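Overview (structure and organization)
In case you want the letters, here they are:
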Amino acid sequence: MKKSFVLITAVMLLFGAFAFGDEATIIDFTLLDADIVADEDGNPTENSRTTMDYSVTAGMTFTNDQKSLMRSSLALPNWEVVLNSSAQNVESLALSQVKSAPVKDSASVPFAGSNVMGVRIEFPVWANNANAMIVPAFEIPAYEPMAARDENGIPQEPTAEEAASGKTQFEEGYGVVKNVGTIKALSVTTLGMNFPHKLYVHLKDTDGIERRYLMGELGFDGWKELRWNNPSYITDIRTREIRVYPVYPRGLPYIKFVGFEIARDAMHDGDTFVGYFKDVKVIYDKAILNTDRDIADEDLWGIVTTKESEKQNAEMTRFGEKQVIRFLEKEKQAQEEAFTSSLSVEGTNDSAAVGGTTADAGEK
């Protein structure tokens, strides 16, 4: 009788292990503070964990000094607001932006005193459907090796501990979750401001397929966790369509964060939208059970390492091309704010001084 009880208990534990998925944070915006690469005023501009060097894709025409500036990261001011064509105008493009928003120390939330993502979007005031994507400066890499960055954002050689962890640079709340099978639910922690707009989360999987998930409407005031439940998720294992994949060398399937989408219906008022976001979480089934195998397959064959290196190089090429073009455009951008005066000997470019000189000349 005792043996039967032990057997039944073991079976129940086994079923329990399969019935409940893991929870993970896809991206946590409180982790994306700028802490390295100081500007002229000594203020940090990049996030050390997520800094990427795209000078490797730049041509030979760039000097070493120019290449040293080719850094970008997921620091919140680097994120962008991309409006759909019908919502674009000069004012909306200029004013729509992302900022690092400090939460008051007195706030009654666990992340009080931290910085979250703050978003401003200028929707058109006329009646038409409009939407905006909130995206990082570059597509989050899924295969970037884990390695620390120095104060200038240059990747260092991975330590033995980093190499043994099996983690990549953008896991653990920086945009990527590995070993994801079926998604059971998604959650977004956001501060509502009574806007009637819809919120979507965009994710991309191992096959490069991008999907969007409707989290709900933002018509509430205060912090709230919006949740999407997978309507196709089947809890009972016996009624699932079972698919068996080779354990090796398929590698670990993943999901990564692409961005938020804010959608405004033509029936609702337009103009300025302001919102705040803390994190995005997922509950999921594991694609592969983490078991200790008798033979170290990857050490013997190296198939997954070769495949992931190829994918990593492809990601860096796509990332670098866009960043280099932006770097060139920034280098060509006019820096002057006023004209050099033709009415003063010193040639001052102070418009106020020029106006005063003109007025005095008129009086005389």
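Cut-offs used in this document
Residues numbered from 1 in each chain as written. Predicted model: local features only at pLDDT ≥ 70, side-chain atom pairs only at ≥ 80, totals over all residues. Heavy atoms only, no water. Helix = DSSP H or I, 4+ residues; strand = E, 2+ residues; numbered from the N terminus. Buried < 20%, exposed > 50% of the residue type's maximum accessible area, 1.4 Å probe, protein only. Areas by Shrake-Rupley, 256 points an atom, 1.4 Å probe, with all protein chains shown as cover. 1 Å grid on protein atoms, 1.4 Å probe; cavity = no way out; pocket = protein on both sides within 12 Å on 5 of 7 lines; lining within 4 Å. Points joined across faces, edges and corners; volume = space filled by probe spheres on them. Nonpolar A, V, L, I, M, F, W, Y, C, P; charged D, E, K, R; others polar. Lys, Arg positive; Asp, Glu negative; His and termini not counted. Salt bridge = Lys/Arg side-chain N within 4 Å of Asp/Glu carboxyl O. Polar contact = N/O pair within 3.5 Å; in protein donor to acceptor, adjacent residues only side chain to side chain. Contact = heavy atoms within 4.5 Å. Pairing = 2+ DSSP bridges. Core = buried A, V, L, I, M, F, W, Y, C linked by side-chain atoms within 4.5 Å. Phe/Tyr/Trp six-rings, centres within 6.5 Å; stacked < 30°, edge-to-face > 60°. Lys NZ or Arg CZ within 6 Å of the ring centre and 35° of its normal.

1. Notes on the overall build of the protein chain
Across its full length, the protein chain holds seven helices and 16 strands. Within the span of the protein chain, comprising 364 residues, buried residues form 39% of the whole. Within the structure as shown, the protein chain displays about 21700 Å² of accessible surface, and the carbon and sulfur contribution to it stands at 54%.

2. With respect to the layout of surface pockets
In this model, the second largest pocket occupies a volume close to 1400 Å³. Looking at the second largest pocket, it is lined by 43 residues, and the ones nearest its centre are Ser165, Gly166, Lys167, Leu252 and Glu308. Residue assignment for the lining of the second largest pocket shows that the elements contributing at least two residues are β1 (22-28), α4 (160-165), β10 (176-178), β16 (271-286), α5 (297-301) and α6 (303-332). The leading source of residues in the lining of the second largest pocket is α6, at five residues. For the lining of the second largest pocket, the residue count by class is 18 nonpolar, twelve polar and 13 charged.

3. A word on the side chain of Glu162
Mapped onto the secondary structure, Glu162 falls in helix α4. Among buried Asp, Glu, Lys and Arg side chains, Glu162 stands out as unpaired, with Arg149 the closest opposite charge at 7.8 Å. There is a polar contact of 2.9 Å between the side chain of Glu162 and the backbone nitrogen of Thr159. Apart from the residues lying within four places of it in its own chain, the contact partners of Glu162 are Met146, Ala147, Ala148 and Glu157.

4. Focus on the pairing of strand β8 (residues 115-123)
Taken across its nine residues, β8 has eight buried, putting it largely inside the fold. Sheet topology note: the strand β7 (residues 97-102)/β8 ladder contains six bridges and is antiparallel. Paired with Ala101 across the two strands is Val116, which belongs to β8. Bridge count for β8 against β16 is seven bridges, and the pairing is antiparallel. Opposite Ile121, over in β16, you have Phe273 as the bridge partner.

5. Some remarks on empty space enclosed by the protein
Within the structure shown, the criterion is met by one cavity of 30 Å³ or more. Approximately 30 Å³ is the volume attributed to the largest cavity. In this structure, the largest cavity is lined by Thr190, Leu191, Gly192, Met193, Leu218, Phe273, Val274, Gly275, Tyr276 and Phe277. Looking at the lining of the largest cavity, the elements that each hand over two or more residues are β11 (180-193) and β16. When grouped by side-chain class, the residues that make up the lining of the largest cavity number seven nonpolar, three polar and no charged.

6. Things to note about the side chain of Ser96
Tracing the backbone shows Ser96 in the loop between α3 (90-95) and β7. Judged by relative accessible area, which is 9%, Ser96 ranks as buried. A distance of 2.7 Å separates a polar atom in the side chain of Ser96 from the backbone oxygen of Ser92. Only 3.0 Å separates the side chain of Ser96 from the backbone nitrogen of Glu122, close enough to count as a polar contact. With residues near it in sequence (within four places) discarded, Ser96 still touches Val81, Leu83, Arg120, Ile121 and Glu122.

7. A word on the pairing of β11
Consecutive residues of a regular strand have side chains that alternate between opposite faces of the sheet. The buried fraction of β11 is high, at ten of 14 residues. Pairing geometry for β11 and β16, over nine bridges, is antiparallel. Bridge pairing links Ser187 to Lys281 in β16. Pairing of β11 with strand β14 (residues 221-229) involves nine bridges; the strand directions are antiparallel. The partner of Leu186 across the bridge, within β14, is Trp228.

8. Concerning the nonpolar core
Core analysis: the biggest nonpolar cluster contains 53 residues, and Trp79, Phe257 and Phe260 have the highest contact counts within it. Among the nonpolar cores identified, the runner-up in size contains five residues, and Ala101, Val103, Val109 and Phe111 belong to it.

9. A look at the environment of Glu144
Structurally, the position occupied by Glu144 is in the loop between β9 (130-135) and α4. Measuring from C-alpha to C-alpha, the distance between Glu144 and Thr50 comes to 9.8 Å, with 94 residues separating the pair along the chain. A polar contact of 3.3 Å, which involves the side chain of Glu144, links it to the side chain of Arg149.

10. Brief notes about the packing of aromatic side chains
Note on aromatic pairs: each is described by the distance of the centres and the angle between the planes. This structure, assessed with the given rule, holds eleven aromatic pairs. On the basis of an interplanar angle of 80° and a centroid distance of 6.4 Å, the ring pair of Phe138 and Phe170 is categorised as edge-to-face. Of the two residues, Phe138 is situated in the loop between β9 and α4 and Phe170 in the loop between α4 and β10; the sequence distance between them amounts to 32 residues. One exposure class covers both Phe138 and Phe170, and it is buried. Judged by centre distance (5.6 Å) and plane angle (85°), the rings of Tyr143 and Tyr254 are edge-to-face. Here the residue Tyr143 occupies a position in the loop between β9 and α4, and Tyr254 occupies one in strand β15 (residues 254-264), the gap between them amounting to 111 residues. Of the two residues examined, Tyr143 and Tyr254, each falls in the buried class. Among the aromatic side chains, those forming a connected cluster through ring pairs are Phe29, Trp79, Phe257, Phe260 and Phe277. A cation over a ring is seen here: Arg212 above Tyr200, with NZ or CZ 4.0 Å from the ring centre. The lysine or arginine in question, Lys224, covers the ring of Phe220, its NZ or CZ lying 5.0 Å from the ring centre.

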